[in-house]
Amino acid sequence: MSKKRWFRFHIDAWFKGTTGLSPSEIAVYITVLCELYDNDGFAPLDVRVMARRCGMREGTFRKALDALIARGKLSLEAGFLTSRAVSEEIEKRERLVAKVEKKLVEIAPKN
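Residues numbered from 1 in each chain as written. Predicted model: local features only at pLDDT ≥ 70, side-chain atom pairs only at ≥ 80, totals over all residues. Heavy atoms only, no water.

Undergrad: Would you mind going over the packing of helix 2 (residues 23-38) against helix 4 (residues 58-70) with me for this structure?
TA: Packed helix pairs are characterised by how far apart their axes lie and by the angle those axes make with each other. Remark: helix 2 packs on helix 4, axes separated minimally by 9 Å, with the N-to-C direction vectors making an angle of 80 degrees. Considering the angle they form, helix 2 stands roughly perpendicular to helix 4. Across from Ser24, Glu25, Val28 and Tyr29 in helix 2, the residues of helix 4 making contact are Thr60, Phe61, Ala64, Leu65, Ala67 and Leu68. Taken together, the residues that form the contact of helix 2 with helix 4 break down as seven nonpolar, two polar and one charged. (Axes fitted to C-alpha atoms, helices over the stretch in contact; angles between N-to-C directions. Helix = DSSP H or I, 4+ residues; strand = E, 2+ residues; numbered from the N terminus. Parallel < 35°, antiparallel > 145°, perpendicular 65-115°, else oblique. Contact = heavy atoms within 4.5 Å. Nonpolar A, V, L, I, M, F, W, Y, C, P; charged D, E, K, R; others polar.)

In structure tokens:
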């Protein structure tokens, strides 16, 4: 699968889904979401690197990550972070891309 460097971002869903999260949890959440979208839904958990990306100490990052996992926002499976919502959105994105590509082929000038 080729790398898609974008994802749909629904502002209302973001506000609703982050209500009650601490600033640290929000920072970790958006950073992990970007990692997940950049890695087709599965990102290896590297606390040192991700904490640095968030501008946090590793302990602060881990505490926020654990809270997000406990709330069901993220999952940790065999050392990889994942999210059911991200996986579903990637599938939607792929269907949308395929539909657009098909339409472009249909309207392309024939030589």
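That was the structure; now back to the text.
Undergrad: Looking at this structure, I do not really get the sheet that holds strand 1 (residues 43-44). What am I missing?
TA: Through backbone hydrogen bonds, the strands of a sheet pair up, either in parallel or in antiparallel fashion. Spatially, 1-3-2 is the arrangement adopted by the three strands of the open sheet, whose pairing is antiparallel. The open sheet terminates on both sides in strands that have one partner only, identified here as strand 1 and strand 2 (75-77). Relative to strand 3 (residues 80-82), strand 1 runs antiparallel, the two sharing two bridges. Bridge pairing in strand 3 places Ala43 opposite Leu81. (Pairing = 2+ DSSP bridges.)

Undergrad: Sorry if this is basic, but what is going on with the packing of aromatic side chains here?
TA: We describe a pair of aromatic rings using the distance from one ring centre to the other and the angle between the two ring planes. In total, this model carries three aromatic pairs according to the counting rule given. Ring geometry for Phe9 versus Trp14: centroids 5.6 Å apart, planes at 40 degrees, classification tilted. Here the aromatic rings of Trp14 and Tyr29 are separated by 5.5 Å at their centres, their planes lie at 15 degrees, and the arrangement is stacked. Highlighted residues: Trp14 in helix 1 (residues 11-18) and Tyr29 in helix 2, separated in sequence by 15 residues. Its relative accessible area of 16% is what places Trp14 among the buried residues. In this structure an aromatic cluster arises from ring pairing among Phe9, Trp14 and Tyr29. One cation-aromatic arrangement involves Arg93 over Trp6; the distance from NZ or CZ to the ring centre is 5.9 Å. (Phe/Tyr/Trp six-rings, centres within 6.5 Å; stacked < 30°, edge-to-face > 60°. Buried < 20%, exposed > 50% of the residue type's maximum accessible area, 1.4 Å probe, protein only. Lys NZ or Arg CZ within 6 Å of the ring centre and 35° of its normal.)

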